[in-house]
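Letter by letter, the chains look like this.
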Amino acid sequence: MTSRRNFLQKISATAFALPFLPGTGSLTLPDFEEQAYQQGKVLRVAIMGLGSYGTRVAEALQACKRAKLVGAISGTPSKLKDWQTKYNIPAKNCYNYENFDQIKNNRDIDAVYVITPNALHRDQVIRVAKAGKHAICEKPMAINAKEGQEMVDACRQANVKLLVGYRLHFEPNTLEIIRMRKAGELGKVLFFQGLSGFRIGDPNQWRLKKELAGGGSMMDIGIYSINGARYMIGEEPTWVTAQETKTDPVKFKEGVDETIQFQLGFPSGAVASCLSTYSMNNLDRFFLNGDKGYAELFPATGYGPIKGRTHKGELTGPHTTHQTVQMDEMAAIIFDNKQPVVPVDGLEGLKDLKIIDAIFQAVKTGRKVDVKI
Ligand code: NAD
């Protein structure tokens, strides 16, 4: 029903732009549907991992112009049945974690979006690449840089694209600050502050298990401040320092960080000072300071609306469902080789992992650690 309604909305939105099609007096529905997407080839996506974020992406895909949910991969047969009904997914496009390599024989699927616990991303993306499908992977792309590099190499070898779900890279207020910084409107930027955190609930969830999460708050939420520092300052860091604090060693076991404060140093002399935590709410704020002005986003990375201001006034970019824009943009990246303002490719995901590795090393040694991006 939803799918049909969206299809009809798409038709009405584009009907006037439809070209005259010679010899197609009576169009069959699939042809017509193809033609309805006037903005380019449609990316046909299967989602792997039908959890909370997978469901959010599935909903967002319903409003896409260039991307479409056509398949699902899950270990739970009842979830696959539900998704077949809810999103009109044919049974032949449904797989489980044992048999999804067979997706290579499925010509109706272009890409697989991996939305499972962090530690599973590496193997799953490599299997997707070996099946000849483009891989879109949630953040963190993997649990360390070594794994990230293996994923980049596997996708390159298979000649498929690897993209990471960095939805903020397409967010209008974020992009406006990047534009202002590039245009020199902030002057010389010397400082960024990133605060990323929330109070995590259920102590039994995979996010608090090192073997599935690869760490704690840093992998999950601190990565937003790392990534944000890089796209806000517009450089790659050359060193990191970091300090960990833990108030609840029962909930946050060995290797699962509760709170880490970290600093990143950039070649221009700019510094980022950031906080990653699973123990405090209301921490989702970016602040960028230059000698001619400043920019603030608060909230900076939630599902929106993203709000903020600069020395020139309030930011007024429109709120759009991040995942809808992301998936339409990813279709353009995959099919048209479009270059986004801030990259969302595997190398971008790998850079954040190299910094996370260095932060963990800095916590362990208490030393300043050099980063080579
Ligand atoms: P979730 O727990 O809601 O869903 C995870 C899914 O993976 C579930 O359906 C679960 O059944 C499945 N799964 C498969 N194998 C599993 C295993 N061995 N153990 C546990 N679950 C298994 O988690 P989520 O919030 O959807 O997060 C999934 C991924 O998406 C994570 O990498 C997370 O960082 C990322 N994420 C990104 C954003 C974003 O804004 N970009 C937001 C939330 C989550």
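Computed from a predicted structure; not experimentally measured.

Cut-offs used in this document
- Residues numbered from 1 in each chain as written.
- Predicted model: local features only at pLDDT ≥ 70, side-chain atom pairs only at ≥ 80, totals over all residues.
- Heavy atoms only, no water.
- Phe/Tyr/Trp six-rings, centres within 6.5 Å; stacked < 30°, edge-to-face > 60°.
- Helix = DSSP H or I, 4+ residues; strand = E, 2+ residues; numbered from the N terminus.
- Buried < 20%, exposed > 50% of the residue type's maximum accessible area, 1.4 Å probe, protein only.
- Lys NZ or Arg CZ within 6 Å of the ring centre and 35° of its normal.
- Near = heavy atom within 4 Å.
- Areas by Shrake-Rupley, 256 points an atom, 1.4 Å probe, with all protein chains shown as cover.
- Nonpolar A, V, L, I, M, F, W, Y, C, P; charged D, E, K, R; others polar.
- Domains from an automatic or database assignment.
- Arc of directions from axis to C-beta.
- Contact = heavy atoms within 4.5 Å.
- Pairing = 2+ DSSP bridges.
- Axes fitted to C-alpha atoms, helices over the stretch in contact; angles between N-to-C directions.
- Parallel < 35°, antiparallel > 145°, perpendicular 65-115°, else oblique.
- Right-handed = clockwise from strand over helix to strand, strands pointing away.
- Polar contact = N/O pair within 3.5 Å; in protein donor to acceptor, adjacent residues only side chain to side chain.

Caption draft 1: Representation of the packing of aromatic side chains in the model. On inspection of all chains with the given rule, the structure shows 7 aromatic pairs. Judged by centre distance (5.1 Å) and plane angle (70°), the ring pair of Trp83 and Tyr87 falls under edge-to-face. Of the two residues, Trp83 and Tyr87 both sit in helix α4 (residues 77-87), 4 residues apart, roughly one turn of that helix. Taking the relative accessible area as the measure of exposure, Trp83 reaches 6% and is therefore buried. Given the relative accessible area of 4%, Tyr87 is considered buried. Through a chain of ring-to-ring contacts, three or more aromatic side chains come together here, namely Phe192, Tyr231 and Phe286. Here Lys368 stacks its cationic end above the ring of Trp239, 4.4 Å away from the centre of that ring.

Caption draft 2: Molecular detail of the site of the ligand. Neighbouring residues of the ligand: 23 residues in total, closest Ser52, Asn118, Lys139, Arg167 and Trp206. Contact with the protein chains removes 78% of the 830 Å² of surface that the ligand exposes when unbound. When contributions to the shell around the ligand are tallied by element, the ones reaching two or more residues are α3 (52-61) and α9 (217-233). Of the residues in the shell around the ligand, the class split is 11 nonpolar, 6 polar and 6 charged. In this structure, the shell around the ligand is formed jointly by two domains, domain 1 (4-17 + 26-166) and domain 2 (168-318 + 346-370), each of which donates at least three residues.

Caption draft 3: Looking closely at helix α7 (residues 172-182). Within the sequence span of α7, burial applies to Asn173, Thr174, Ile177, Ile178, Met180 and Arg181. Seen end-on, α7 carries its buried residues on one side only, within an arc spanning 160°. The elements touched by buried residues of α7 are β7 (189-197), α9, β11 (283-290), β12 (294-297) and β13 (308-310). In the stretch just after α7, Gly184 is the one whose phi turns positive, near 85°.

Caption draft 4: Structural detail: the sheet that holds β11. Taken in spatial order, the 9 strands make up an open sheet running β14-β13-β12-β11-β7-β10-β9-β8-β15, and their pairing is mixed. Edge positions in the open sheet fall to β14 (313-314) and β15 (369-370), since each of these has one partner strand only. With 3 bridges connecting them, β12 and β13 associate as antiparallel partners. When the sheet's bridge partners are listed, Leu297 is paired in β13 with Gly308. In this fold α7 packs onto β7, β11, β12 and β13, with an angle of close to 165° to the strand it touches most, β12. Where α9 meets the sheet, its contacts fall on β7, β9 (259-265), β10 (271-277), β11 and β12, and the angle it forms with β7 comes to roughly 160°.

Caption draft 5: Molecular detail of the packing of α3 against helix α10 (residues 322-336). Interhelical geometry of α3 versus α10 gives an angle of 70° and a closest axis separation of 8 Å. Put simply, α3 runs roughly perpendicular to α10. Where α3 approaches α10, its residues Tyr53, Arg56, Val57, Ala60 and Leu61 are matched on the opposing element by Gln323, Thr324 and Met327. Among the residues making up the contact of α3 with α10, the classes are represented as 5 nonpolar, 2 polar and 1 charged.

Caption draft 6: Just the pairing of strand β2 (residues 67-73), in detail. The buried count for β2 comes to 6 of 7 residues, which makes it a mostly enclosed element. As judged from the 6 bridges shared by strand β1 (residues 43-48) and β2, these two strands associate in the parallel manner. By the bridge assignment, Ala46 is partnered in β2 with Gly71. Tracing the backbone out of β1, into α3 and back to the parallel element β2 gives a crossover that is right-handed. Summarising the sheet, β2 and strand β3 (residues 94-95) pair through 2 bridges and their orientation is parallel. When the bridges of β3 are listed, Ile73 appears paired with Tyr95.

Caption draft 7: Quick look at the side chain of Thr116. Among the secondary structure elements, Thr116 is positioned in the loop between β4 (111-114) and α5 (121-130). Of the residues examined, Thr116 reaches a relative accessible area of 7% and is grouped as buried. Here the side chain of Thr116 touches Gln124 through a polar contact of 2.6 Å, side chain to side chain. When neighbours within four sequence positions are excluded, Thr116 is seen to be in contact with Met48, Gly49, Tyr97, His121 and Gln124.

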